[in-house]
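# Examination of the molecular architecture
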Amino acid sequence: MLGRVRAGATLFLPNEDEMRRYEPEQIEKKWQNVWAREGAFNVANPEPADVDADVPRTYVLEMLPYPSGELHMGHVKNYTLGDVVVHFRRRNGEKVLRPMGYDAFGLPAENAAIREGGHPRAITERNIAAIRAQMRRMGWAIDWDRELSTHNPDYYRWTQWLFLKFYEKGLAYRREAPVNWCPVDQTVLANEQVIDGCCERCGAEVEQKSLEQWFFKITEYADRLLDEMDLLESWPERVLTMQRNWIGRSHGAEVRFRIADLDIDVPVFTTRSDTLFGATFFVLAPEHPLVAELVQGTAREGEVMDYVRQAAGRTTVERASAEREKTGVDTGRTITNPVNGAELPIWIADYVLLEYGTGAIMAVPAHDERDHEFATTFGLEIRQVVEPADGAAVELPYTDKSTDARALNSAEFSGLPIPEAIDGITAWLEERSLGEATVHYRLRDWLLSRQRYWGCPIPIVHCESCGTVPVPMDELPVLLPEIEDYVPKGRSPLAAAEDWVATSCPACGAEARRETDTMDTFVDSSWYFLRYADAHCDTLPVRREIVDYWAPINQYIGGVEHAILHLMYARFFTKVMNDLDLVGFREPFLRLFTQGMIYRDGAKMSKSKGNVVPPDALIDEFGADALRLYILFMGPAEDDVEWQDSGIEGTSRFLGRLWRVVHEVVDSESAGRASVASEGPLFHTAHETIAKVSDDLGRRFQFNTPVASVMALVNEISKAPDSPGARFACETAVSLIQPYAPHVAEELWERLGHERLWEHSWPAADASMLEHDTFELVVQVNGKVRDRAHVATGLDKDALVSMAISLPKVQSHLEGREVRKTIVVPDKLVNIVVG
RNA sequence: GCCGAAGUGGCGGAAUUGGUAGACGCGCUGGACUCAAAAUCCAGUGAGGUUCGUCCUCGUGCGGGUUCGAGUCCCGCCUUCGGCACCA
């Protein structure tokens, strides 16, 4: 760079301007090397004596990346956000753990291997190397000594270990069950991975299939997943709401209806036991096991069974969306209502779902929209048993269940407000053993088996005589076998590794076969954040005293798209591990921040849309610091924002201006123009900026406005680089921008004659500098601003009012009118109300 | 349908406790420097009016309301986005 020759020009020696141009490439490399060499952001695990020591510690974590090709803008935003928090907290004296890893198992690598050849491991590791290099180029303050990847046997050994612990506790079990099957990916999906009846990954319409599968009993933790939300410090309300909806707890009663002819009881679940007297028919889901028995040998058998077959042929999507018109068929049977002995006709209809409640309902058309629609379609009786508290006539269905409504035509319960009627009728049923209060959930158990190659093997052996037998803990890890062909054929590709599959039973020694399913990758990512605490431990997933020192995570940051899946699974794992005494806390993430997405041309950035902005190209052109600044300056971090190419030019210009201003001030000092004064407008502005940035980062968790205030400070310095406060203001600007632009900040800090800004404590605003001798008094007449005046602070109300009234512009608005009232906000505003 | 969030200049956004709407940035216009360009710097930039006065009126999705004063609080709508959805 130095001394380059320009065509047709005289030989240039680098002049001062050239040496001092802001060239991000060199300085970013320089400081990245320093930090890497020093392990500047590594933190040691505590020695036993330190555990109780009074050093404030913080665990800041962003969701780990899936190593798909390279880093995208969402990653840049996520990790830069975390980086600002890390630097801010470090410089505020906290010991901060901030690790990084890769969620390395999963379908995309396997599909790429099928498409392009090669081993999923090779593809994954190549991607990891690329991402790691990009992360270093971004200059993120990461403790690289704790790096992990979920596909390494050192890691998945402990995933398997945890699976076996869950198994021992009865929380991992195998059963045949109707499952969601993706015909394209040729694997099963958890309920959480089915979106509108389609595969979350590939969008194919999901089919139902019956298979032997492994499940985690997450339903056993449904109440704790809901109730322990109280332990969280700060989660976005909408994420909590999404989880609550997903768990879907509903309180009600199970009521037994009796089919006298067949001598059987059929339970139903209802949240409205108050409406039992209004039940006029009864409906079973088409898949309900009793259906065949009900109609066997009756005149209706053919018609009913035809309907059942039709319903079975309908996909989830059709059943949910296509025709909302109610269909159904009468079985000709009746069932007895336990509260009044009424005989109700039994129908079969697909608006009743086998998966929810008991797969059977009592239908109350007067007070339920769906039952009402069905009754109207098929001409069934509608019997009103709830009315408004004032007895007014209402249109049916009438679904109010608050105290504004009361029971009607309900024997001794008539007249009771609905909440009391619900309790009363439920108690009445319990006394007679006809039903009891129960709770139902929407949440289903977590289906974790996958019929794919690139995942963590399930450490189980199937033995003819012993059944499912866990692989002994000391034989872990069960290594993923090498195979040739990853193409899914409806069974797990692992089944092809015959030498691997064939084994002996750990219990009886007989010939046995290994489980060939692998685990859902969400299992891997449900505990990785704990492993970071003790990343190299080879006796346990993590040692209790170490994990309890760091975790739970103080600040977790990631995309809202994980609001349900990852975040709920991770909470479940943590709770189970707490019950197993492996960790001393019940919630993994005390504070959660969900960042918004980055759009371009109105759409999410994606290769197929061709609207991707690759971070590398921007780093080449503007440097990592300008990119880091822009990604956070764009708008509130939690909002979705539109990428604008010209935006990064703005933050790049800002860094250039900061660079020049610092050099001007340094030059000005060496020319002897420095002043030792400690008063002047720049001191005030600098201290105000410190206060503003500290408050935004520390209390408000707001990342865009600090950049704006530092920009304003730099603008002010550049207007008066010779003024007394210029050096202090420059140092302040550099120090405050350091979490955002650590490389250029470090370089300028050095040129200002200091060193190691990343370890320098965060500046503190001097309260006396935040006070002013004068302020701008706003004068309103009838609430409209009419004038402003510079006035000494601390004046009393009367003084302010008389000063306000004396202003000529105010006078002209007061003319001839009577002052009725004056409102004074001290040191701020006077409002004169005139008639 | 239910639940949640959000609507502010040409654009991204700021306004923290009800007290100066539009900070900061982008874009645009004009100017300086330059043979020229880039870079940089200076000035202007919500709309309309205007006697060009840092003068007036209007202005934060729409309609009402509370208040001396509302982008901010209340009531009713509209739109957009996200989640759930025949959940009994």
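Look a little higher up for the structure.
Anyway, here's the lowdown on the structure attached to this text. Note that this is a predicted model, so its numbers are computed, not measured.

Rules used throughout
- Residues numbered from 1 in each chain as written.
- Chains lettered and ligands numbered in written order.
- Predicted model: local features only at pLDDT ≥ 70, side-chain atom pairs only at ≥ 80, totals over all residues.
- Heavy atoms only, no water.
- Helix = DSSP H or I, 4+ residues; strand = E, 2+ residues; numbered from the N terminus.
- Buried < 20%, exposed > 50% of the residue type's maximum accessible area, 1.4 Å probe, protein only.
- Contact = heavy atoms within 4.5 Å.
- Areas by Shrake-Rupley, 256 points an atom, 1.4 Å probe, with all protein chains shown as cover.
- Lys, Arg positive; Asp, Glu negative; His and termini not counted.
- Charge placed at Lys NZ, Arg CZ, Asp CG, Glu CD.
- Phe/Tyr/Trp six-rings, centres within 6.5 Å; stacked < 30°, edge-to-face > 60°.
- Lys NZ or Arg CZ within 6 Å of the ring centre and 35° of its normal.
- Near = heavy atom within 4 Å.
- Polar contact = N/O pair within 3.5 Å; in protein donor to acceptor, adjacent residues only side chain to side chain.
- Nonpolar A, V, L, I, M, F, W, Y, C, P; charged D, E, K, R; others polar.
- Salt bridge = Lys/Arg side-chain N within 4 Å of Asp/Glu carboxyl O.
- Arc of directions from axis to C-beta.
- Pairing = 2+ DSSP bridges.

### As for the overall build of chain A
Looking only at helices and strands, chain A has 27 helices and 34 strands in total. If you line up chain A on its principal axes, its C-alpha atoms span 110 × 90 × 60 Å. When the 835 residues of chain A are sorted by exposure, 52% land in the buried category. A fraction of 71% describes how many contacts in chain A between residues 6 or more apart in sequence connect residues 24 or more apart. By element, 49% of the accessible surface of chain A is carried by carbon and sulfur atoms, the whole surface being about 36600 Å². Of the charged side chains in chain A, 88 are positive and 130 negative; the average position of the first set lies 4 Å away from that of the second.

### Re the packing of aromatic side chains
According to the stated counting rule, one finds 46 aromatic pairs in the structure shown. Judged by centre distance (5.4 Å) and plane angle (75°), the ring pair of tyrosine 221 and phenylalanine 572 falls under edge-to-face. Remark: phenylalanine 572 occurs in helix α18 (residues 565–579) and tyrosine 221 occurs in the loop between β9 (207–216) and α7 (222–227); sequence separation between them is 351 residues. Pair check on accessibility: tyrosine 221 and phenylalanine 572 agree, each one buried. Put simply, the rings of Phe163, Phe166, Tyr167, Trp214, Phe216, Tyr221, Trp446, Phe522, Tyr569, Phe572 and Phe573 pair up and form one aromatic cluster. Above the plane of the ring of phenylalanine 215 lies arginine 175, whose end atom (NZ or CZ) is 4.2 Å from the centre. If you follow lysine 326 out to its NZ or CZ, it ends over the ring of tyrosine 351, 5.3 Å from the centre.

### With respect to the protein's contact with RNA strand B
Within the structure, RNA strand B sits among 56 residues, and Lys326, Arg370, Arg442, Arg788 and Asn831 are positioned closest to it. Backbone atoms, meaning sugar and phosphate, make up 63% of the atoms of RNA strand B lying within 4 Å of the protein. Arginine 660 has a polar side-chain atom sitting 3.0 Å from a sugar or linking oxygen of RNA strand B. At 3.4 Å from a base nitrogen of RNA strand B is found a side-chain nitrogen or oxygen belonging to glutamate 776. Sorting elements by how many residues they give to the surface near RNA strand B places helix α21 (residues 645–670) first, with 6 residues. Of the residues assigned to the surface near RNA strand B, the class counts are 20 nonpolar, 14 polar and 22 charged.

### Some thoughts on the pattern of salt bridges
Per the stated rule, a full pass over the model turns up 48 salt bridges. Between glutamate 62 and arginine 98 there is a salt bridge whose closest N-O contact spans 2.5 Å. Placement of glutamate 62 in strand β1 (residues 57–62) and of arginine 98 in the loop between β2 (95–97) and β3 (101–102) is noted, with a sequence separation of 36 residues between them. Each member of the pair, glutamate 62 as well as arginine 98, carries the same accessibility label: buried. Ionic pairing is found between glutamate 759 and arginine 756, a salt bridge with its closest N-O pair at 2.8 Å. Overall, the relative accessible area of 45% leaves glutamate 759 in the partly exposed class.

### Observations concerning helix α12 (residues 369–378)
Buried within α12 are the following residues: Asp371, His372, Phe374 and Ala375. Each buried residue of α12 lies within a common arc of 165° when the element is viewed along its axis, so the set occupies one face. Opposite the buried face of α12, at more than 90 degrees from it, the exposed residues are Glu369 and Thr376. In this structure, the buried residues of α12 make contact with β12 (281–284), β14 (343–348) and β15 (360–363). A positive phi of about 65° marks glycine 379, the residue just after α12.

### Examining the sheet that holds strand β29 (residues 603–604)
Spatially, the 3 strands line up as an open sheet ordered β29-β28-β30, and their pairing is mixed. This sheet does not close on itself; its edge strands, each paired only once, are β29 and β30 (641–642).

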